[in-house]
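# Commentary on secondary and tertiary structure
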Amino acid sequence: MKSLISHRKFIRHTTPVSLTPNRFHCSQSPNQNKDTTAQQITAILKHNNWEFRLDSSHLSKTLNPDVIRSVLHQNKSIDSKRLLSFFNWSTTQMGTPQNLNSFSILAVVLCKSNQFAHAHWVLDRMIETRSSVSVVVDSIVSCCRDCEVSRSNHEVLDMLINVYKRRGKLNEAASVILAVKNGDFLPSLVCLNTLLKDLLKCSKMELFWRVFDAMVEARIKLDVYSYSNLIRAHCKVGNAEVGKRVLLEMEEKGCSPNLFTYNVTIGGLCKNGLVDEALELKQSMIEKGLAPDGYTYSILIDGFCKQKRSEEAKSILGEMSNVGLKADHVAYTALMDGFIKEGDMEEAFRIKDEMVSRGIKLNCITYNAIVNGLCKVGQMEKAKDLLSEMIAAEVNPDTDTYTSLIKGYNREKKMDKASELLEEMKERNLQPSLYTFCAIIDGLCQCGDLQRANLVFEKMIARGLKPNVVIYTILVQGHVQGGKLDEVTEILKGMKEKGIPPDTFFYNSLIMGLSKAKRVEEARTYLREMVERGLKPDVYTYGALISGYSKVGEMLEADRYFGEMLGCGIKPNGVVYTFLINGYCSVGDIEGALEKFRSMVGRGVMPDVQTYSVLIHGLSSNGKLQEAISKMFPLFEELVAKGIDPDEVAYGIMIDAYYEDGNLEKAFNLLDDLLNNGTSRVVLKSSVNEAFLDSLCRKGEFGYVLVLLDKMGKQGLMLSLATCGNLVSGIQEAGDEEKAARAMEILVEAWFAEEEQLLLLREQQGHGHMKLFQQTRPSLLREQQGAWFQMYSMGIPFSYVLEYPWNQLLMLT
C-alpha cells in the first residue's frame, strides 16, 4: 500500500514534458509527414501498377483522411478514373470515413473530365455522410475555387441537387440554392426551373416561394419557364388573376411569353373557374400571332364542362375542328364527361358515336367516363352492355370500370350483382382497389348486412390494403344506422391502432349517430376529443348535438351549443333552426320556438316545409291554433313579398290552418291567389287540391268548388277519377243539378285532355300494346266522353258512370 501511495505522489509531482520542438527534437510535424506521404503516394500513382506498389510499401499503414485529401489535391490533373480507384482503395485500407473535402475534390475533377456517372456516385456517397446541406455546399464551392472551375460551370451543384431529389430529399435539394444564393457559384437555370416544377408538383408552396425569391436575390435572369412556374404557383394557390398579370408583365422584363406560358395561364384560369377570362386570353394570343394548339382547346373544353357549360364547350370543340386541329381522346372525353355530369346521357352517347365516326378508337378512360355516368343515373343495364362492348372492342376494362359498376349496383341494393362483378374481376386477374372494397362495404352497410361488411373489411386488410379514414367512416355510419353503437368503439380502437387519424367527417358521423340515439353525453365527449386533435367542428357537428339535446328536451344545452356555433363564426342552416324550433315546441315553449323562427328569417335563412310543419304543428298541438295563424301568417306574407316562394306543402299547411279555424274565405283566397299566380310561383299539386275540394263539398260550398275546378282545369291540374266521382255525386246529392252538370263538364274535359296526353306519352315510350289503338284512340275517347254525358243525362249517378266498360277499357290501356 505504501509503495502505491508513493507512486501516486510521483505522478502528481512529475513535470509535464514540453511538446514544443527543441534543438534535440528532430522528428517532422504532422503536416510535414502528411505532405511527405502524399508526395510519395503521388509518385507511385504515376505507375500503372500503382495498387501493387502501394500494397507492397509501408505507405498503406500511414494512410489517414488528411493524407488522402492531400493526394487528391496534388493530383487534380491526372487521370480522374485513377483518382477514383485510389479513393476507393484507400477507403478499404483505412476503415475510417473520408474527409468531406476529398469527396468534393473528386466530384469536381470527375465533372471537369465529363465523368458524370462517377461524379454522381461520389456525391451520393458524400450525402451518406449525413453532413448538413450547408456544410456539403461550402465544401463543394471551396473546391470549385481551388480547382479554378469556371463560374458558368454548374455541373457539380446541378448534380448535387439531382442526387438529393433522387433520394426523395426535396427539401435538401431546395436548400442547395438557399445555401449558395449569395455566392459566386450557382446551379443552372434549367436545374432551378426543374426544381421549382418539382416543388409545385409536391405542393411545397412555402419552399417554392423561398427558392424563387433566392433566384431573384441572386440576380439570376429568369426565362419563359421560370415565369411559367411562377404563373402556375399563383394559380395553384387560387390567385389566377395574379398569374395572368405575370403573363402580361413578362414582356416588360424582356421575356416574351410563348405557347407553353399561355397554356399554363389558360389552364390555371380554368382550374380556378375563370373560364371566360381564359377564353379571352386564348383570343389575345391569336391576336399576337400565337396559334393555340390541341392542348389549349382541350383545357378550355374541360374548364367549361367543369362549370357545367357543356354546350359552350361543344362550340369550342367545333372551333377546334374549323382551325384544322384534330380533337383527341382528352378533348372528347372531357366534353363527354361534362354532358354526363349535367345528366345528358343522350348527348354523351352522341359524342361517343362522333368519336368512332372520326376514327378515334375509344380507350378505357373514355369508356369508364360513360360507364360511371350511367351507373350514377341508375341505368345499370346500359352500363353492363357498355362493359360487353368494351370487351368486344378489345379494350380491357380496369379496376375503375368494375368499381363504378359495383357502386351502381350498390345504390340499387343489388349486392348479388356486385358479387358477380367481383368474381369477374378475379377471372380477369384484376385486383380490387381500396375504392372497390370501399364500394362493396358501403353497399353492404346500406343493406344492413353489417356482418358481411365486417368480413369484407377483414378480407381487405388480409390482402395487404391499408384502410383509410373513408372506409372507417362508412363502417361507423353503417353501425350507427343499424343501431350497433357499442361496436363503433371497437372500430375507433382499430383505427387508432393502425395510426389512422379520424377526420371531421368521421367524428360528425359518430356524433350524429349518438345524438340520434339520445346518447348526447357520449356525443359531447367525442366533440371534445375532436377539438383536442385540432379538428374544427362545423355546422353538421353542432347540428347533431343541437338535435340530440332538443330531442331529450334539454333546451339550455341545445342553446348553449347554438351560441358556441355562432361564436365560432359558423352560420346555422335551416336544419339546425328546425331542430331548435321542434325542441322548443316539444317542451311547450312556443315563444322560444317563434323567437327562433324570427331569428331564422332575420338571418336570411329560408324556412322549408319541415320548419313550417314543425312550428304550426307545435302551435296547434299546444291548443293555440289561432295564435299560430295570427303569428305565422304575417311572416308567411313577408316571405312571399320578398319573392321567396314556400313550396306547395307549406301553402297547404297555411290553407289547412285557416280552414280548420273556420276561416274559409281566407283559405280560399290563399289558394285562389296561388292558382292565379301559378306561372310565377309554385303550383299546388292535385293531392292538396283534392283534400281542400273534398272539405268544401262536405261543407256544401259548391260555388267555391266550381271556381277552383275551373281554374285547376286551366292550369292543367289533374284530379283522380275517384275524386271526380265524389265531387259530382256530392253536388248531385245536395240537389244542385246545374252545378253538378257544370262540375262534370269541367272534370270530364280536363280528365280526357290529361289522359290523351298520357296515352301519347306512353306510345312514344314504345309500349307495344298502344299500337292497337293508334288508329282508333281519338274516336274511342270521343265515344267514351259522349257515353258518359249520355248516361249522366239519364240520371245515372256519376259514381256508376265511372264503372262503364268504356272506362275500364281505357284504363287497361
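Predicted model only: the values in this text are computed from it and were never measured. Per chain, residues are indexed from 1 in the order of the written sequence. Where local features are concerned, this predicted model is filtered to residues with pLDDT of at least 70; where side-chain atom pairs are given and counted, the filter is 80 or more; whole-chain, interface and lining totals use all residues. Side-chain measures were taken over the full set of non-hydrogen atoms in the model, leaving aside hydrogen atoms and water.

## Some words on the packing of helix 7 (residues 116-127) against helix 9 (residues 155-166)
Axis lines are fitted to C-alpha atoms, over the contacting stretch for helices. Their N-to-C directions set the angle, which ranges from 0 to 180 degrees. Only DSSP runs of H or I with at least four residues qualify as helices, and only runs of E with at least two residues qualify as strands; both kinds are numbered from the N terminus onward. Remark: helix 7 packs on helix 9, axes separated minimally by 9 Å, with the N-to-C direction vectors making an angle of 60°. When the axis of helix 7 is compared with that of helix 9, the two are oblique. Between helix 7 and helix 9 the crossing geometry is right-handed. Note on element contacts: helix 9 touches helix 7 through Glu155, Val156, Met159, Leu160, Val163, Tyr164 and Arg166, opposite Phe116, Ala119, His120, Leu123, Asp124 and Ile127. All residues other than Ala, Val, Leu, Ile, Met, Phe, Trp, Tyr, Cys, Pro, Asp, Glu, Lys and Arg, Gly among them, are scored as polar; the first ten of these are nonpolar and the last four charged. Here the residues of the contact of helix 7 with helix 9 are counted per class, giving nine nonpolar, one polar and three charged. Note on angle classes: values under 35 degrees are labelled roughly parallel, values over 145 roughly antiparallel, values of 65 to 115 roughly perpendicular, and the remainder oblique. Less than a right angle of anticlockwise turn of the near helix away from the far helix marks a crossing as left-handed, whereas a clockwise turn marks it as right-handed. Every residue pair with non-hydrogen atoms within 4.5 Å of one another is taken to be in contact.

## Side note on helix 11 (residues 189-201)
A rise of 1.5 Å per residue sets the reference length of helix 11, with its 13 residues, at 18 Å; its end C-alpha atoms lie 18 Å apart and thus fit the reference within 8%. Listed in full, the buried residues belonging to helix 11 are Leu189, Cys191, Leu192, Asn193, Leu195, Leu196, Leu199 and Leu200. Where helix 11 is buried, its residues meet helix 9, helix 10 (170-180), helix 12 (205-217) and helix 13 (224-236). Note on helix 11: the residue one or two positions beyond its end, serine 203, has a positive phi of about 60°. Multiplying 1.5 Å by the helix residue count minus one yields the expected span of that helix. Exposed residues in this analysis have more than 50% of their type's maximum accessible area, buried residues have under 20%, and partly exposed residues fall in between, with area computed by a 1.4 Å probe over protein chains only.

## Topic: the packing of aromatic side chains
In this analysis, rings of Phe, Tyr and Trp, with Trp reduced to its six-membered ring, are considered paired at centre separations within 6.5 Å, and the interplanar angle assigns stacked below 30 degrees, edge-to-face beyond 60, and tilted for intermediate values. Applying the stated criterion across every chain yields a total of eleven aromatic pairs. Here tryptophan 50 and tryptophan 89 contribute two aromatic rings whose centre-to-centre distance is 6.2 Å and whose plane-to-plane angle is 90°, an arrangement assigned as edge-to-face. Remark: tryptophan 89 occurs in helix 5 (residues 80-94) and tryptophan 50 occurs in helix 3 (residues 50-56); sequence separation between them is 39 residues. In this structure, tryptophan 50 and tryptophan 89 share a single accessibility class: buried. Summarising the aromatic geometry, the rings of tyrosine 549 and tyrosine 561 are spaced 5.8 Å apart at their centres and angled 15° between planes, so their arrangement reads as stacked. Here tyrosine 549 is found in helix 31 (residues 539-551), whereas its partner tyrosine 561 is found in helix 32 (residues 555-567), with twelve residues between them in sequence. Here the two residues tyrosine 549 and tyrosine 561 agree in accessibility, since each one is buried. Taken together, the ring pairs connect Trp50, Phe86 and Trp89 into an aromatic cluster. Working rule: Lys NZ or Arg CZ, within 6 Å of ring centre, within 35 degrees of ring normal, means a charge sits over the ring. A cation sits over an aromatic face here: lysine 382 above phenylalanine 349, 6.0 Å from the ring centre.

## A closer look at the pattern of salt bridges
When a carboxyl oxygen of Asp or Glu is within 4 Å of a side-chain nitrogen of Lys or Arg, the pair counts as a salt bridge. Applying the stated criterion to the full structure yields 29 salt bridges. Residues aspartate 124 and arginine 125 are paired through a salt bridge, measuring 3.1 Å at the closest nitrogen-oxygen approach. Owing to a relative accessible area of 16%, aspartate 124 belongs among the buried residues under this scheme. Note that glutamate 522 and arginine 519 form a salt bridge whose closest N and O atoms lie 2.8 Å from each other.

## A word on the environment of histidine 47
Within the secondary structure, histidine 47 sits in the loop between helix 2 (30-45) and helix 3. If we ignore the near neighbours within four places in the chain, the residues touching histidine 47 are Arg53 and Arg82.

## Points about the environment of tyrosine 577
Tracing the chain through its elements places tyrosine 577 in helix 33 (residues 574-586). It is 9.3 Å that separates the C-alpha atoms of tyrosine 577 and phenylalanine 562, two residues lying 15 residues apart in sequence. If we ignore the near neighbours within four places in the chain, the residues touching tyrosine 577 are Phe562, Pro572, Lys596, Ser599, Met600, Arg603 and Val605.

## Details of unusual backbone geometry
Although it is not a glycine, asparagine 114 sits at a positive phi angle of roughly 60°. Following the sequence through the fold, asparagine 114 ends up in the loop between helix 6 (100-112) and helix 7. Relative accessible area serves as the criterion here: at 54%, asparagine 114 is assigned to the exposed category. In the Ramachandran plot, lysine 413 falls in the positive-phi region, its phi being about 60° despite a non-glycine side chain.

Shape is all these values report; function is a separate question.
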